[in-house]
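Survey of secondary and tertiary structure
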Amino acid sequence: MELWYSLLSILPFDWAQPGQMYFMKHALLAVLVITPLFGILSTMVVHSRMSFFSDALGHSAFTGMAIGALCGFNQPTWAAVSFAIVFALLFNLVRRRTALASDTVIGVFSSTAVALGIFLSTLNGRSFTKFNSLLIGDVLSVDPAMIGVLALILLMVVILWAVSFNQLMLSAVHPALADSRGIKVFWQETIFSVAIAVVVTLSMTWVGLLVINSLLVLPAAAARNIARSMWQYHLISLVGAVAAGIAGLMTSYYMGPSAGASITLYLAVWFALTFLLRKK
Amino acid sequence: MRKIKHGKLAAGCADACCLKLDGLSVNLEGDQILEDVSFHLHCGEIAALIGPNGAGKSTLFRSILGQTSYKGTITFSPAGGPAIRLADGAVVGGSRPLVGYVPQSPSFDRGDPVSVLDFFTAATAKWPVWLPVPQKYRERAAASLRRVHGEDLLDRAMGALSGGQLQRVLLALALEPVPHILILDEPLSGVDIEGEHQLLEMLDELRTQYDLSIFLSTHDFATLGSFADKVILLNRRVLKAGTPDEVLASPEFYETFHLRMGRGGER
């Protein structure tokens, strides 16, 4: 962290000066780790039409938090991660075994998870308000240990992308064609949805449940407007996510609104810009 | 258009290179999709599978591709090699023969940021295509596309290709590596006359060049005689198999398609 602090002291901002405002320095580093994560995952969420699924995962993560809190864990986050993984696995299994359309299956899972979460968190007449912070999120409260965990996850996602992106893409384009080329489509989809589950759950506390899905949809949606190849698609999605992340955090610092919401709004502007420049 | 006839092998597989289906049955959740399907397909031969919608054509292909479970056996005898027997997922006597597959209608949106080069590299190489594709893979993809006269398509978006161009790209992919058996699901639908002519000519070149078995499904009966060595009429069971002339003149063909038409049904 010392290296990061001294790196920042080069910047001409008042919060970047040595010996103060550590929460802001941590938040900036967290944003620089979280936004690439979303920028990368976003490409396949949009490509394989899973934006509704990632939205449902956000809801299940909240339920996991409620279960964790109910069981008296100090760190309900890990309970939430486990719950989200179970949710993702169960969803993949049911989707494979049923003739129902995938958005219907997601609807079933999503509503069940939300209802269970509200049920558990309000059991015995308890107040829901302590979960309000989850809905909005607060990146300024992130601590260095958590940034380390997120950085580790980012590394794992990059490795996953290096090893199995091709298979994942073909599975999304045409499962039968992918299978004929020896790709285990079910496992590709499962690993990918578990990756989304972990990322969504771990970043929910900092970004906010209400806007987290926009981070999984907007970067790639904007990139699709102008990209012509997979490389451009990833580059534009990644750059857009990181730039919006930094701009959003600064807006949050100087003007006071939630960082998650600011980042999302910058991404929405980015989408509008690329829409105007879109390929014909 | 047709050049070789493997007439001398017509009696059976014997020692020749051949794909043999024996008593193939598929039952999916209580529905009997295929029942006791048996036939031979020699290398270098083009066979057309015809039948009404829901006849089990795609399921038959899926069985050969090993994507569905079935009863009965599928045997592949490579030229000069020992027979490889595939029975419900298990492979006996060698490794699974390579089956090239050209699917019916892959879903590409117009806006999909997947270039032909991305698609090709993703399917044939380990290089992750979210990074810029190096020259080496570019040349490799171009060489594959040259086989189907499509090297100029390399930088086009998959979603912007015409039906015929997409077929050619998928065909080039199915030939990488060159398979023992090539399966094409409805390759002629959504392709204009010019594209159809081009595709059939290409298939004819391929089977002479690589001596592979080509197995395709089609609804286009008018052109059958010009390219198919063998036609298999399927409706859950094999109703009739033989040369295009034999099948098209058979009462089974008439019954399967014309009587339905008389009742105001399809086709």
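Structural data are supplied above this passage.
Source: prediction; values computed, not measured.

**As for the overall build of chain B**
Of regular secondary structure, chain B possesses 8 helices and 11 strands. For chain B, the residues scored as buried account for 42% of the 267 residues in total. Counting only contacts in chain B whose residues sit at least 6 apart along the sequence, the fraction spanning at least 24 positions is 63%.

**Points about the interface of chain A and chain B**
Often the size quoted for an interface is simply the accessible area lost on bringing the parts together. Between chain A and chain B, the residue contacts involve 22 residues of the former and 20 residues of the latter. Contributions of two or more residues to the side of chain A that touches chain B are made by α7 (144–173), α8 (175–180) and α11 (230–255) of chain A. In terms of residues, the side of chain A that touches chain B owes the most to one element, α7(A), which gives 7 residues. Taken together, the residues of the side of chain A that touches chain B break down into 12 nonpolar, 6 polar and 4 charged.

**What about the nonpolar core?**
Counting 159 residues, the largest nonpolar core has A30(A), L41(A), L57(A) and A84(A) as the members making the most contacts within it. In terms of residue count, the dominant contributor to this core is helix α2 (residues 22–47) of chain A (15 residues).

**Remarks on the packing of α2(A) against helix α9 (residues 185–207) of chain A**
All names here are of chain A. As a packed pair, α2 and α9 sit with axes 11 Å apart at the nearest point and diverge in direction by 145 degrees. In the packing of α2 onto α9, the handedness of the crossing is left-handed. Contact with α2, carried on its side by A30, I34, L37, L41, M44 and V45, involves F192, A195, I196, V199, S203, W206 and V207 of α9 and no other residues of that element. Across the contact of α2 with α9, the residue classes break down as 12 nonpolar, 1 polar and no charged.

**As for the sheet that holds strand β8 (residues 181–184) of chain B**
Residue and element names in this part refer to chain B. The strand order across the open sheet formed by 6 strands is β7-β8-β9-β3-β10-β11, and the pairing between neighbours is mixed. Pairing within the sheet leaves two strands with one partner each, and these edge strands are β7 (99–102) and β11 (237–242). Taking the axes of each pair of neighbouring strands and ignoring which way they run, one obtains an average angle of 20 degrees across the sheet. Of the pairings in the sheet, the one linking strand β3 (residues 46–50) to strand β9 (residues 213–217) comprises 4 bridges and is parallel in character. Bridge pairing in β9 links A48 to L216. On the sheet, helix α1 (residues 57–65) packs against β3, β7, β8, β9 and β10 (230–235) and is oriented at approximately 150 degrees with respect to β8. Here helix α4 (residues 163–174) sits on the sheet in contact with β7 and β8, set at roughly 170 degrees to β7.

The rules we used
- Residues numbered from 1 in each chain as written.
- Chains lettered and ligands numbered in written order.
- Predicted model: local features only at pLDDT ≥ 70, side-chain atom pairs only at ≥ 80, totals over all residues.
- Helix = DSSP H or I, 4+ residues; strand = E, 2+ residues; numbered from the N terminus.
- Buried ≥ 20, exposed ≤ 12 C-beta atoms within 10 Å, placed from the backbone.
- Contact = placed C-beta atoms within 7 Å.
- Nonpolar A, V, L, I, M, F, W, Y, C, P; charged D, E, K, R; others polar.
- Core = buried A, V, L, I, M, F, W, Y, C linked by C-beta atoms within 7 Å.
- Axes fitted to C-alpha atoms, helices over the stretch in contact; angles between N-to-C directions.
- Left-handed = near helix turned anticlockwise from the far one by under 90°.
- Pairing = 2+ DSSP bridges.

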